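What follows is each chain in one-letter form.
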Amino acid sequence: PVLTTQSLTMLFASRGVGKTHVALGIAYAVASGGTFLKWRSPTPKQVLYLDGEMPAGTMQSRLAEIVEQSESEPPSPDFLRLITPDLQDGPMPDISTIEGQSFLEPHLEGVELVMVDNLSTLVRSGKENESEGWLPVQGWALDLRRRGISVVFVHHAAKSGVQRGTSKREDVLDTIVRLEHPHDYK
C-alpha cells in the first residue's frame, strides 16, 4: 500500500503533471473508503486537505469531477475538510512555524490524514536548500505520526527531476512517489 496508518509520504512532480489531481483523488478515496487508480482505502477516514495555491473555484470543480466519477461518498461532509487561501480571513498558515502549526491544531480533531499541497506555499520560513529549515516541519510531522495521523507532502520537482530543496526531507519519509508524464505524452 502507498499509504499506511501513521505514514509520512511525499508526492512530487514537475509543474503540470497532476500533483493536485492525484492528491485530491487520494484524499477523496481515503475520506470515502473508496478507490483511486488501483488503490483502495479499506474504511473511510477523516482527511484535512491544506491547499496553499489553487483558487477555491478550481478546487471545487476538481472535487466535483472526482465525486461524479466515484462509486462512494464520504459518510459525512466533515470527512474531507479543506483549508484554502480564498476561504481564509488571513494568510494560509506557515507550517514551519509554531504559529502555523497552532493554527491547524483545532482542525486536526478526528483527522487521520493530512494532505499538505504544497510545500512551496505552506512552508515559507527557512531556506529551502538548507536542512535546518526543514527541522520544524519534520518535528511537526513526526508529532502527527505519533498521534496516529498520516501526512502526505505534495512538492515540486527541481529542474533535474528530483524533489526540490534539501534531501533531509526524505530522511523520515516512509514513501516517496514521483509522478511523470508517460514517454509518449504530448
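Values in this document were obtained by computation on a predicted structure and should not be read as measured data.

Chemist: What exactly am I supposed to notice about the nonpolar core here?
Modeler: In globular proteins that are soluble, nonpolar side chains generally tend to be buried together. Within the largest apolar cluster, 27 residues are counted, with the highest numbers of intra-cluster contacts made by V47 and M115. Among the secondary structure elements, those contributing two or more residues to this core are β1 (8-13), α1 (19-32), β4 (46-51), α2 (56-69), β6 (111-117) and β7 (150-156). With nine residues, the single largest contributor to this core is α1. Sequence-distant contacts of M115, defined by excluding residues within four places in its chain, comprise A23, I26, A27, V47, L48, Y49, L50 and V152. In this structure, M10, L108, V116 and V137 belong to the second largest nonpolar core, which totals 26 residues.

Chemist: Hey, could you run me through the pattern of salt bridges in this one?
Modeler: Any two side chains of opposite charge can pair if their charged atoms end up close together. Summed over the entire model, instances satisfying the criterion amount to eight salt bridges. Between R164 and E128 there is a salt bridge, and its shortest N-O distance comes to 3.2 Å. With R164 in the loop between β7 and β8 (175-178) and E128 in the loop between α4 (119-122) and α5 (135-146), the pair connects residues that are 36 residues apart, well separated along the chain. Note that R146 and D143 form a salt bridge whose closest N and O atoms lie 2.4 Å from each other. Residue R146 and its partner D143 are both found in helix α5; the two are separated by three residues, about one turn of the helix.

Chemist: Help me understand α2, please; the structure alone is not making it clear to me.
Modeler: Quick reminder: α-helices carry 3.6 residues per turn. Residues three or four places apart thus point the same way. In this model α2 runs 20 Å from its N-terminal to its C-terminal C-alpha over 14 residues, within 8% of the 20 Å that 1.5 Å per residue would give. When we look at burial in α2, the residues that qualify are A56, M59, R62, L63 and I66. For α2, the angular spread of buried residues about the axis comes to 130°, placing them on one side. Relative to its buried face, α2 has exposed residues pointing more than 90 degrees away, namely Q60, E68 and Q69. On its buried side, α2 packs onto α1, β4 and β5 (80-83).

Chemist: What is the right way to look at the sheet that holds β5 in this model?
Modeler: Adjacent strands of a sheet pair through backbone hydrogen bonds, lying either parallel or antiparallel. The strand order β5-β4-β6-β7-β1-β8 describes an open sheet built from six strands, whose pairing is parallel. Among the strands making up the open sheet, the edge pair consists of β5 and β8. Each adjacent strand pair in this sheet contributes to an overall mean axis angle of 15°, direction not counted. Here β1 pairs with β8 via four bridges, running parallel. Residue pairing in the sheet places F12 in a bridge with R178 of β8. The strands touched by α1 are β1, β4, β5, β6 and β7; relative to β4, the strand with the most contacts, the crossing angle is about 160°.

Chemist: Got a minute to help me understand the side chain of T9 in this structure?
Modeler: Here T9 lies in strand β1. What makes T9 buried here is its relative accessible area of 2%. The contacts of T9, once residues within four sequence positions are left out, are V2, L3, V151, V152, F153, L173 and T175.

Chemist: Before we go on, may I ask you to explain unusual backbone geometry in this structure?
Modeler: Peptide bonds are, in most cases, trans, and in most cases residues other than glycine have a negative phi. Note the cis peptide between D117 and N118, where omega equals 10°. In this structure, Q6 takes a positive phi of about 65° despite not being glycine. The topology assignment puts Q6 in the segment before β1. The backbone of L37 shows a phi angle near 55°, a positive value even though the residue is not glycine. With relative accessibility at 72%, the residue L37 sits in the exposed group.

Rules of the game
Residues numbered from 1 in each chain as written. Predicted model: local features only at pLDDT ≥ 70, side-chain atom pairs only at ≥ 80, totals over all residues. Heavy atoms only, no water. Core = buried A, V, L, I, M, F, W, Y, C linked by side-chain atoms within 4.5 Å. Buried < 20%, exposed > 50% of the residue type's maximum accessible area, 1.4 Å probe, protein only. Helix = DSSP H or I, 4+ residues; strand = E, 2+ residues; numbered from the N terminus. Contact = heavy atoms within 4.5 Å. Salt bridge = Lys/Arg side-chain N within 4 Å of Asp/Glu carboxyl O. Expected span 1.5 Å × (residues − 1). Arc of directions from axis to C-beta. Pairing = 2+ DSSP bridges. Axes fitted to C-alpha atoms, helices over the stretch in contact; angles between N-to-C directions.

Note that every value here comes from positions in space, so none of it alone points to a role or purpose.
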